[in-house]
Structure formats: C-alpha cells, structure tokens
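# Summary of structural features
So you can see what is in the structure, the chains are spelled out below.
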Amino acid sequence: MAFELHPRLAADTIGLGRSTLCEVRLMNDRTWPWILLVPRRPGIREIHELSEGDQQQLLRESSVLGKGLMEVFSGDKLNIAALGNMVPQLHLHHIVRHEGDAAWPGPVWGVQAPVPYSDAELAEVRKRLSPILQALGAG
C-alpha cells in the first residue's frame, strides 16, 4: 500500500515540502501560524503504530518545527495535537498561539471559519518559514 494524503488534508492545507518522514503542510488559515506534519506511512492512525525509529524521527521533526515556529512567530504558547477525529490519517498539528488571539485561551477548532491566505500573504509566510523548512530538510 502506498502513502496517499487524506483528501481533507489535501483540501485544507498547502504543501510546503517533505522532511525525512513527513509531508509538511500549512493550514490554509492565516489566523494562526499552523503547520501539520503528516508521516508518509500508509494506514497509520496513531503515533504508537509507527515503528520506534519513525516515532523518534517524528519527535525530532516536531521539536525542530516547534522551536522554529516559536522563534519566527514569537508565540506565547505552542499547541501540538494529534486529534484525528475528523481525519483518521495520522497528522500532528503545530499551532502558534498568542495571548489574546481569536480563540485564546481555548482551542482554535470551531472558533471561526478559516481565513485563507492571499497570494502575497502566502509568499510572505513561505519566506518566514524557509529557515525552518531547511532545518527539516523540506526547504
């Protein structure tokens, strides 16, 4: 079985590249800096289903991504989650939060409709993310 990105993830996100293990995807919502790591392993729904090596690689990539996001976007808190209630394919959300943002201090889900990036905004966020993507080997 080959890896295929879930259609909902493909529709809601923008591809930024591939790390050693994951598809790196930007949530198409400019409200929050929000990146997903999607391990390129078919049929995986939970982190514990990954091999031990892949679990360690996912943690490394998540840590590099999280640290970079907090530095680039000067966040107050980084939310990391692997919910999978709507999309069963394993994907790890990394959301930079700022005190007083539209959902603070609650979760971002369901607070408001996504606000898609304009072409100019997308170009700018790609530029800001470039060092992080390079650190992940996805740039």
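Residues numbered from 1 in each chain as written. Predicted model: local features only at pLDDT ≥ 70, side-chain atom pairs only at ≥ 80, totals over all residues. Heavy atoms only, no water.

This structure, assessed with the given rule, holds 2 aromatic pairs. When the ring of tryptophan 32 is compared with that of tryptophan 34, the centres are 6.3 Å apart and the planes differ by 75°; the resulting orientation is edge-to-face. Since its relative accessible area comes to 5%, tryptophan 34 is described here as buried. Connected via pairs of aromatic rings, a cluster forms that spans Trp32, Trp34 and Trp109. (Phe/Tyr/Trp six-rings, centres within 6.5 Å; stacked < 30°, edge-to-face > 60°. Buried < 20%, exposed > 50% of the residue type's maximum accessible area, 1.4 Å probe, protein only.)

Our next topic: helix H2 (residues 52-73). If you check H2, its first and last C-alpha atoms are 31 Å apart, about what 22 residues at 1.5 Å a residue would give, namely 32 Å. Taken residue by residue, H2 has Asp54, Gln57, Leu58, Glu61, Ser62, Leu65, Gly66, Gly68, Leu69 and Phe73 as its buried positions. (Helix = DSSP H or I, 4+ residues; strand = E, 2+ residues; numbered from the N terminus. Expected span 1.5 Å × (residues − 1).)

Relative to the elements of secondary structure, leucine 90 occurs in the loop between strand E4 (77-81) and strand E5 (92-97). Among the residues examined, leucine 90 registers a relative accessible area of 5% and is labelled buried. Distance in space between the C-alpha atoms of leucine 90 and leucine 50 is 9.7 Å, their sequence separation being 40 residues. Residue contacts for leucine 90: discarding those within four places in its chain leaves Val38, Pro39, Ile44, Arg45, Glu46, Ile47, Leu50 and Ala82. (Contact = heavy atoms within 4.5 Å.)

This paragraph deals with the pattern of salt bridges. By the definition in use, this model includes 6 salt bridges. Where aspartate 12 meets arginine 8, a salt bridge forms, and the shortest distance between an N and an O atom there is 3.0 Å. Taken together, the residues aspartate 12 and arginine 8, both in helix H1 (residues 7-12) and 4 residues apart, mark about one turn of the helix. Residue classification places aspartate 12 among the partly exposed positions, given a relative accessible area of 31%. Given the relative accessible area of 40%, arginine 8 is considered partly exposed. Of the charged contacts in the structure, one is a salt bridge between arginine 41 and aspartate 54, with a shortest N-O distance of 2.7 Å. Highlighted residues: arginine 41 in the loop between strand E3 (34-39) and H2 and aspartate 54 in helix H2, separated in sequence by 13 residues. (Salt bridge = Lys/Arg side-chain N within 4 Å of Asp/Glu carboxyl O.)

Now for helix H3 (residues 119-136). Here H3 contains 18 residues, and its C-alpha end-to-end distance of 24 Å stays within 8% of the 26 Å for a straight helix at 1.5 Å per residue. Along H3, the sharpest kink reaches roughly 50°, centred on serine 130 and followed within four residues by the proline proline 131. Among the residues of H3, Leu122, Val125, Leu129, Ile132, Leu133 and Leu136 are the ones counted as buried. Lining the buried residues of H3 we find strand E1 (13-18), strand E2 (22-27), E3 and H2. Of the residues trailing H3, glycine 137 is marked for its positive phi of about 80°. (Bend = angle between axes of the 7 residues up to and from the residue.)

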